[in-house]
Amino acid sequence: MKKVLLFTALAAALTTGLAQAAEKLVVAATPVPHAEILELIKPALAKEGVDLEIKVFTDYVQPNVQVDQKRLDANYFQTLPYLKNFNEGKGTNLVTVIGVHVEPFGGYSKKVKSLAELKDGATIAIPNEGSNSGRALILLQKAGLIELKDPKNAVSTPKDIAKNPHNFKFKELESAMLPRVLDQVDLDMINTNYALEAGLNPAKDALVIEGADSPYVNFLVARPDNKDSPAIQKLAKALTSPEVKAFIEKKYSGAVLPAF
């Protein structure tokens, strides 16, 4: 009996020790698809000794601010042009860890069925964040609607438009707000994560959309002091696993594309 009790006590102690050894990792993400992908890999990370906590945000600023302030360990929601622009504007030094997926950026409308139906003076809503603004305008140029002074400027704004033959009016809003004005504008340039949240299917509903060769990969981002930590590296490996690739391809049907 004493041996059984001793074995039980040792087993309990070992279990407690393993639980205590698990490292907590708090990661910020926007709801779709980032948080969904992170939820998928939580069990695998738990087996690797990483207790993943996901903090969901609906904006693009606080996830970076809080990682920089060490209130969060990492985030997963942004492209490299956005991160560079943020670092330059806010004086931060956040770094990429690994690229995970691409969300082809698109333009949507409830007023017209094609870009050709846009009338002179039509209102186009675009993101007001530097790199997202540039991304929208570059896509509009590729569609032949406008001409930019520098087509390669990833942070172009409406002030950088060289030619606007149809006198389109541009409404600049925070990315999260764009789906809410879909009924109010003629063309709405929406990031895919917000389009998915709004029930839009980029592959079917977008009147104009980036191709699979889009350079705007979504990265896992951390700080220089923790990007190489065992827990962050385990997260990076899990995010680029065959399971995640299969999940992305099956769940999002082309609206989100693996970047690995």
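Residues numbered from 1 in each chain as written. Predicted model: local features only at pLDDT ≥ 70, side-chain atom pairs only at ≥ 80, totals over all residues. Heavy atoms only, no water.

## Digging into the overall build of the protein chain
A count of helices and strands for the protein chain gives nine helices and 13 strands. Across its three principal axes, the protein chain shows a C-alpha extent of roughly 90 × 40 × 30 Å. Counting across all 260 residues of the protein chain, residues that qualify as buried make up 47%. Long-range pairs, those at least 24 residues apart, make up 73% of the contacts in the protein chain with a sequence separation of at least 6. Looking at the protein chain as shown, the accessible area adds up to about 13100 Å², and 53% of this sits on carbon and sulfur atoms. Side-chain charges in the protein chain split into 31 positive and 30 negative, and the spacing between the mean points of these groups amounts to 4 Å. (Helix = DSSP H or I, 4+ residues; strand = E, 2+ residues; numbered from the N terminus. Buried < 20%, exposed > 50% of the residue type's maximum accessible area, 1.4 Å probe, protein only. Contact = heavy atoms within 4.5 Å. Areas by Shrake-Rupley, 256 points an atom, 1.4 Å probe, with all protein chains shown as cover. Lys, Arg positive; Asp, Glu negative; His and termini not counted. Charge placed at Lys NZ, Arg CZ, Asp CG, Glu CD.)

## Description of the packing of aromatic side chains
Counting across every chain of the model gives six aromatic pairs. Between the aromatic rings of tyrosine 60 and phenylalanine 77, the centroid separation amounts to 5.5 Å while the plane-to-plane angle is 25°, which identifies the pairing as stacked. A residue pair is termed long-range when its members are at least 10 positions apart, and tyrosine 60 in the loop between strand E2 (50–56) and helix H3 (62–68) and phenylalanine 77 in strand E3 (residues 74–79) qualify at 17 residues. There is no split in this pair, since tyrosine 60 and phenylalanine 77 are both buried. Put simply, the rings of Tyr60, Phe77, Tyr82, Phe86 and Tyr194 pair up and form one aromatic cluster. (Phe/Tyr/Trp six-rings, centres within 6.5 Å; stacked < 30°, edge-to-face > 60°.)

## So, the confidence of the model for the protein chain
Detail in the predicted coordinates should be disregarded across regions flagged by low pLDDT. On average, residues of the protein chain score 92 in pLDDT, and 92% of them are at 70 or above. Below a pLDDT of 50 lies the segment residues 2–6, which in the model reaches zero contacts outside its immediate sequence neighbourhood of four places, other chains included. Considering only residues more than four positions removed or in separate chains, one finds that residues 13–19, a stretch of pLDDT under 50, has zero contacts. (pLDDT = per-residue confidence, 0-100.)

## Let's talk about the environment of glycine 199
Counting through the fold element by element, glycine 199 comes out in the loop between helix H6 (192–197) and helix H7 (202–205). Residue classification places glycine 199 among the exposed positions, given a relative accessible area of 63%.

## A word on the nonpolar core
In terms of nonpolar packing, the biggest core is built from 29 residues, with Leu25, Leu38, Ile41, Leu52, Leu235, Leu239 and Tyr252 touching the most fellow members. For this core, the elements supplying multiple residues, two or more each, are strand E1 (23–29), helix H2 (31–47), E2, E3, strand E12 (217–222), helix H8 (230–239) and helix H9 (242–252). Beyond its immediate stretch of four places on either side in the chain, leucine 25 contacts Val50, Asp51, Leu52, Glu53, Asp73, Ala231, Ile232 and Leu235. In terms of nonpolar packing, the next biggest core, distinct from the first, is built from 22 residues, Phe105, Ile161, Met189 and Val208 among them. (Core = buried A, V, L, I, M, F, W, Y, C linked by side-chain atoms within 4.5 Å.)

## A look at the sheet that holds strand E11 (residues 208–209)
With mixed pairing, five strands are arranged side by side in an open sheet as E9-E6-E10-E5-E11. Where the open sheet ends on each side, the last strands, each with one partner, are strand E9 (169–173) and E11. As paired elements, strand E6 (residues 123–127) and strand E10 (residues 187–190) share two bridges and run parallel to each other. Bridge pairing in E10 links isoleucine 124 to leucine 187. (Pairing = 2+ DSSP bridges.)

## Here we look at the packing of helix H4 (residues 80–90) against helix H5 (residues 130–142)
Packed helix pairs are specified by the crossing angle of their axes together with the interaxial distance, meaning the distance between the axes. Contact geometry of H4 with H5 gives a least axis separation of 7 Å together with a crossing angle of 140°. Looking at the two axes, H4 sits oblique to H5. Packed against H4, whose contacting residues are Pro81, Tyr82 and Asn85, the element H5 presents Gly130, Ser131 and Asn132 at the interface. Looking at the contact of H4 with H5, its residues break down into two nonpolar, four polar and no charged. (Axes fitted to C-alpha atoms, helices over the stretch in contact; angles between N-to-C directions. Parallel < 35°, antiparallel > 145°, perpendicular 65-115°, else oblique. Nonpolar A, V, L, I, M, F, W, Y, C, P; charged D, E, K, R; others polar.)

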